[in-house]
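What follows is each chain in one-letter form.
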Amino acid sequence: MRRSLFAIAVVGALSLSLAPSSLSAQRALKVYISVDMEGISGLNGDNQTSGAGAEYGRARKLMVEDANAAIRGAFEGGATDVLVNDSHGSQRNLLPEDLDPRARMISHSFKRHGMMEGLDASFDAVIFVGYHAKADTPRGLFAHTGSGVVRDLQVNGKSVGEGGMNAILAQWYGVPVVMVTGDDVAVEQQKETVPGVRGVIVKRAINSRAVELRPLADTRREIQLAAKESVASAKRGTPTRAAQYIVRMEFKDPTIPEVATAFREVRLVTPYAVEFTRDSMPDAYRLIRVLYRFINTD
Ligand SMILES: [Zn+2]
């Protein structure tokens, strides 16, 4: 009796210890998807991008369709876990009831890492959906950086938009940015920080307001396929870290830099521009976000 119980215990322990290797055919693969709005398929008017806009409800539907195409593709490409971060404006645009039920979602804008909240070194790939050109780009649809107050953002001497600064943060963690969707200008600009990134151009910017839209069925199919292929071939890199991060931010309104000098390390370099230095990109990112989002001149 005692012996047979022991035998059962041994068999049980063996089968438990075998379990992980028998599951190893499907290794854990975590995909992070940051979803902005301006570069979404079909989105074509500024009465669509904020809650007060007459066509905002339509835009939320368009946004979740592109997000879901990327989620479907990510799972087809081998993802075992997908985290979606709502990255536009209030960051409460995606309705959880409309989102692919397999994905987790982060919601609300009151978060230190904004468009990249929740990303860490445990992820295998990053996808940007619905991204747009950086501030002061003449021909990017709804071009801006962070909010409407920024004229230019530079990290270590390089002018970057949201896609650029978010990619530098991902690189800090060693997580590759494998794909971006948006208008042709946004996709082109993303290549400045991520040269080999897979781009899906969902529309062609004619200027900052006029746009030529591709058929929605085509762009969603292409997003799904690109997500599948880029997740399947994603390779984690070693973290890319600069010795320090020197950030220069130029604003349209000189009141913001003046107020920003309340932070002791923020130096006024022109009446419109400030500079500060941080040791890590996550640390720099948090202050960039405070300066463009949480100083309110109203
Ligand atoms: Zn944006």
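Structure's up top.
Counting restarts for each chain: residues are numbered from 1 in the order of the written sequence. Reporting in this predicted model follows two pLDDT cut-offs: at least 70 for local features of residues, and 80 or more for side-chain atom pairs to be given and counted; totals over whole chains, interfaces and linings ignore these cut-offs and use all residues. Hydrogen atoms and water are omitted, and side-chain values are computed over all heavy atoms in the structure.

It is not clear to me how the packing of helix H3 (residues 162-173) against helix H7 (residues 281-293) should be interpreted in this structure. Could you clarify?
When two helices pack together, their arrangement is given by the angle between the helix axes and by the axis-to-axis distance. The axes used here are C-alpha line fits, helices contributing only the stretch in contact, and every angle between their N-to-C directions lies in the interval 0 to 180 degrees. Helix and strand assignments follow DSSP, with helices taken as H or I runs no shorter than four residues and strands as E runs no shorter than two, numbered in order from the N terminus. Where H3 meets H7, the closest approach of the two axes is 9 Å, and the angle between their N-to-C directions is 155°. In terms of orientation, H3 and H7 fall into the roughly antiparallel class. Where H3 crosses over H7, the two elements pack in a sense that is left-handed. In this structure, H3 contributes Met 165, Asn 166, Ile 168, Leu 169, Trp 172 and Tyr 173 to the contact, and H7 contributes Met 281, Pro 282, Tyr 285, Ile 288 and Tyr 292. Only Asp, Glu, Lys and Arg are considered charged in this grouping, and only Ala, Val, Leu, Ile, Met, Phe, Trp, Tyr, Cys and Pro are considered nonpolar; every other residue, Gly among them, is considered polar. Residue composition of the contact of H3 with H7, by class: 10 nonpolar, 1 polar and no charged. What sets the label is the angle itself: under 35 degrees gives roughly parallel, over 145 gives roughly antiparallel, 65 to 115 gives roughly perpendicular, and the rest give oblique. Left-handed describes a crossing in which the near helix is turned anticlockwise from the far one by less than a right angle; the clockwise case is right-handed. Contact between two residues is taken to exist if any of their heavy atoms lie within 4.5 Å; hydrogens are not considered.

Whenever I open this one, the sheet that holds strand S9 (residues 211-213) confuses me. Can you help?
Within a beta sheet, neighbouring strands are joined by backbone hydrogen bonds and run either parallel or antiparallel to one another. Think of it this way: DSSP has to see at least two bridges between two strands before they count as a pair. Strand order in the open sheet formed by 7 strands is S3-S2-S1-S4-S7-S8-S9, and the pairing between neighbours is mixed. Edge positions in the sheet fall to strand S3 (104-106) and S9, since each has one partner strand and no second. The mean inter-strand angle of the sheet, taken between neighbouring strand axes irrespective of direction, is 20°. Both strand S1 (residues 30-35) and strand S2 (residues 81-86) contribute to a ladder of 6 bridges, which runs parallel. Note on S2: the bridge partner recorded for Ser 34 is Asn 85.

Would you mind showing me how to read helix H5 (residues 216-232) here?
An α-helical segment advances 3.6 residues per turn. Residues three or four places apart therefore align on the same side. Look at H5: 24 Å from first C-alpha to last across 17 residues, which is about the 24 Å you get at 1.5 Å a residue. Exposure classes here rest on a 1.4 Å probe applied to the protein chains alone. A residue is buried below 20% of its type maximum, exposed above 50%, and partly exposed in between. Among all positions of H5, only Thr 219, Arg 220, Ile 223, Gln 224, Ala 226, Ala 227, Ser 230 and Val 231 are buried. Close packing links the buried residues of H5 with S1, helix H2 (56-76), strand S4 (125-131), strand S7 (177-183) and strand S8 (198-205). Multiplying 1.5 Å by the residue count of a helix minus one yields the expected span of that helix.

Please clarify how the pattern of salt bridges should be interpreted in this entry.
Any two side chains of opposite charge can pair, given that their charged atoms come close. Any carboxyl oxygen of Asp or Glu that lies within 4 Å of a side-chain nitrogen of Lys or Arg is treated as forming a salt bridge with it. Tallied over the entire structure, the rule returns 17 salt bridges. For Lys 61, the salt bridge goes to Asp 98, with nearest N and O atoms at 3.1 Å. Taken together, the positions of Lys 61 in helix H2 and Asp 98 in the loop between S2 and S3 put the pair 37 residues apart, joining distant regions of the chain. Each of the salt bridges in this network shares a partner with another, and the network as a whole consists of Glu 265, Arg 278, Asp 283 and Arg 286.

Even after reading the chapter, I still don't get the coordination of the zinc ion, so can you show me in this structure?
Each donor-metal-donor angle in an ideal tetrahedron of four donors is 109.5 degrees, and each such angle in an ideal octahedron of six donors is either 90 or 180 degrees. Metal coordination here is assigned from N, O and S atoms located within 2.8 Å of the ion, or within 3.2 Å for Na, K and Ca; omission of water means that sites may look incomplete. The coordination sphere of the zinc ion, as far as protein atoms go, consists of Asp 36 (OD), His 132 (NE2) and Glu 162 (OE), spread over 2.0 to 2.2 Å. Sequence positions of the donors to the zinc ion reduce to the motif D-x95-H-x29-E. Taken together, the positions of Asp 36 in the loop between S1 and H2 and Glu 162 in helix H3 put the pair 126 residues apart, joining distant regions of the chain. Assessed through its relative accessible area of 3%, Glu 162 is described here as buried.

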